[in-house]
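The lines below spell out each chain.
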Number of protein chains: 2
Amino acid sequence: MDSRQRAIDATAALLWRQGLRATGINQIVEESKSPRGSIYFHFPGGKEELAAAALRSAGAVMTANIRGALAHRDVRTAVKRFVLSYAKEMRESDFQHGCPIATVALEAASASPAIREVCAGVFAEWDALLVARLERDGIRGKKARKLGAVILSALEGAMILCRTHRTTEPLEWVAEHLTATLTAAAAPR
Amino acid sequence: MDSRQRAIDATAALLWRQGLRATGINQIVEESKSPRGSIYFHFPGGKEELAAAALRSAGAVMTANIRGALAHRDVRTAVKRFVLSYAKEMRESDFQHGCPIATVALEAASASPAIREVCAGVFAEWDALLVARLERDGIRGKKARKLGAVILSALEGAMILCRTHRTTEPLEWVAEHLTATLTAAAAPR
DNA sequence: CGTCCGCTGGACCGATCGTTCCAGTCGTCG
DNA sequence: CGACGACTGGAACGATCGGTCCAGCGGACG
């Protein structure tokens, strides 16, 4: 793997755990074993450009995971497994692995419009995947768009609570709640 | 107001918008007009101790707001107004005012156990308020606890999406969804 | 084989970080 | 009124930040 890709991967991993401000170029150099010069050669825009690339990369990985999880033919099972897969990731990482971009998104909201927009794009991609899956199940138009945003909101919020409380309960309860909601939405009166 | 309180208030405001790492002691000194020496006199533990105090303070303000919003006799109206009040805050602050502790909570999850625990305590307080309100409406025990966590999750997640997308739609959709959920929960088949 | 260029390694920059220290000020109380 | 202790203002600390610069390595290609 070339030094460019190593830098992206290391940065994505560090942003995931620590966020933007806490992740220094020195730390990226150490962990990625990419020389400082190479990083600024590949990313002339410095930390901001590297972080943007790392977020897009991490977002794409997640997108693939979501796509896989949502492949199950029963929506309820799909969403449930999808949400609970994060609970597993939480447990296995000692509650360090929440959403790979949420921390950065919040930091960037006040600090970097460019990075904020990258995060917005990634969120939009996930949302589109969810909405498409809901529509495949007969939940149409605005209703699907609203429900997709609610699912993503509940997931993101639950991950904050899980990391803060060091429990997986919020994710489990959200999974349960969304299953019930989808049952009601798919078979309305 | 004494310098101690000014430091707490300024820090709370800065943490709200910028998070922990982005908020420097210099900035706190400038905005609060508390001298450097005073800050370290009142908070010998330095930035961490000051941040903890600021988070507790911000948490208490929010607790009061939640208590007020939840006073409405109809739970659905109460929760709806409660959630939509954040949408208002978002709009009026140009999407800078989300949850006053979420950003810090995520940053602290990997950086500072002490601050993480303060955040956990604040979240628990809000959650307890929600659960108590739900129980007042006949939603009992575990069901109330689960639903409380789901409401808080959806709210926190929606605020991330709102700040990142610079829209209030996620909060509005979550408000709508929770209203429907509460209707179903309060009057089960 | 010689040239060239993408890439590397590391020294170095000024700025800013959180923290320490202390002389000085001010109100209070003996 | 003198002394004391709570608090202030600011200088200064070493560490680390993101970023720049450049000599030189090494593989590809004429």
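None of these values were measured; they are calculated from a predicted model. (Residues numbered from 1 in each chain as written. Chains lettered and ligands numbered in written order. Predicted model: local features only at pLDDT ≥ 70, side-chain atom pairs only at ≥ 80, totals over all residues. Heavy atoms only, no water.)

1. What to know about the pattern of salt bridges
Residues and elements named next belong to chain B. Spelled out, the test is: One speaks of a salt bridge when a side-chain nitrogen belonging to Lys or Arg is within 4 Å of a carboxyl oxygen belonging to Asp or Glu. When a residue's accessible area, from a 1.4 Å probe over protein chains only, is under 20% of the maximum for its type it is buried; when over 50% it is exposed; and in between it is partly exposed.
For the coordinates displayed, the defined rule picks out 12 salt bridges over all chains. The salt bridge involving D137 is made with R133; its shortest N-O contact spans 2.6 Å. What makes R133 buried here is its relative accessible area of 4%.

2. What to know about the interface of chain A and chain B
How we decide: Whether two residues touch is decided by their heavy atoms; if any such pair falls within 4.5 Å, the residues are in contact. Two parts placed together each lose some accessible area; with a 1.4 Å probe, that loss summed over both constitutes the buried area. In protein, a polar contact means a hydrogen-donor-capable atom and an acceptor-capable atom, both N or O and within 3.5 Å, with residues adjacent in sequence counting only if both atoms are side-chain atoms; elsewhere, any N or O pair within 3.5 Å suffices. Only runs of H or I of at least four residues qualify as helices and only runs of E of at least two qualify as strands under DSSP, and these elements are numbered from the N terminus.
Taken residue by residue, the interface counts 41 residues in chain A and 41 residues in chain B. Regarding the contact of chain A and chain B, the summed buried area is about 3700 Å², with carbon and sulfur atoms giving 69% of it. Along the contact surface separating chain A from chain B lie 2 salt bridges. The residue E176 of chain B makes a salt bridge to K146 of chain A at a minimum N-O spacing of 2.8 Å. Our count for the chain A to chain B interface comes out at 11 residue pairs in polar contact (both at pLDDT 80 or more). Among the elements of the structure, α1 (3-18), α6 (102-111), α7 (113-136), α8 (141-165) and α9 (169-186) of chain A are those that each provide at least two residues to the side of chain A that touches chain B. Element by element, the count of residues in the side of chain A that touches chain B is highest for α8 of chain A, at 16 residues.

3. Observations concerning the protein's contact with DNA strand C
Our working definition: Any residue with a non-hydrogen atom lying within 4 Å of a molecule or strand is treated as near it. Following the grouping adopted for this structure description, the nonpolar residues are Ala, Val, Leu, Ile, Met, Phe, Trp, Tyr, Cys and Pro, the charged ones are Asp, Glu, Lys and Arg, and the polar ones are all others, Gly among them.
Taken together, 15 residues surround DNA strand C, and among them P35 and S38 of chain A together with I25, R36 and K47 of chain B come closest. Close to the protein, within 4 Å, the atoms of DNA strand C belong to sugar or phosphate groups at a rate of 59%. In the model, a phosphate oxygen of DNA strand C is placed 2.8 Å from a nitrogen or oxygen of the S3 of chain A side chain. Those elements that provide at least two residues to the surface near DNA strand C are α3 (36-42) of chain A together with α2 (25-32) and α3 (36-42) of chain B. For the surface near DNA strand C, the leading source of residues is α3 of chain A, giving 5 residues. Here the surface near DNA strand C is composed, by residue class, of 4 nonpolar, 8 polar and 3 charged.

4. Things to note about the protein's contact with DNA strand D
In the vicinity of DNA strand D, 15 residues are found, and the nearest of them are I25, N26 and R36 of chain A together with P35 and S38 of chain B. Among the atoms of DNA strand D close to the protein, meaning within 4 Å, 61% are from sugar or phosphate groups. Here N26 of chain A contributes a side-chain N or O atom positioned 2.8 Å from a phosphate oxygen of DNA strand D. Elements that contribute at least two residues to the surface near DNA strand D include exactly α2 (25-32) and α3 of chain A together with α3 of chain B. A per-element tally of the surface near DNA strand D places α3 of chain B first, with 5 residues. When the residues that make up the surface near DNA strand D are grouped by side-chain class, the tally is 4 nonpolar, 8 polar and 3 charged.

5. Topic: the environment of L182 of chain B
All names here are of chain B. By the secondary structure assignment, L182 is in helix α9 (residues 169-186). Expressed as a C-alpha distance, the spacing of L182 and D9, which sit 173 residues apart in the sequence, is 36 Å. Excluding residues that lie within four positions of it along the chain, L182 makes contacts with V75, R76, V79, L134, I139 and L147.

6. Description of the side chain of S93 of chain B
Relative to the helices and strands, S93 of chain B resides in the loop between α5 (75-92) and α6 (102-111). In terms of polar contacts, S93 of chain B uses its side chain to reach the backbone amide nitrogen of H97 of chain B, at 2.9 Å.

7. Let's talk about unusual backbone geometry
All names here are of chain B. You will see that F95, though not glycine, has its phi angle at about 65 degrees, which is positive. Turning to its location among the elements, F95 is positioned in the loop between α5 and α6. Given the relative accessible area of 12%, F95 is considered buried. Even without glycine at this site, R166 takes up a positive phi of about 55 degrees. By the element assignment, R166 lies in the loop between α8 (141-165) and α9.

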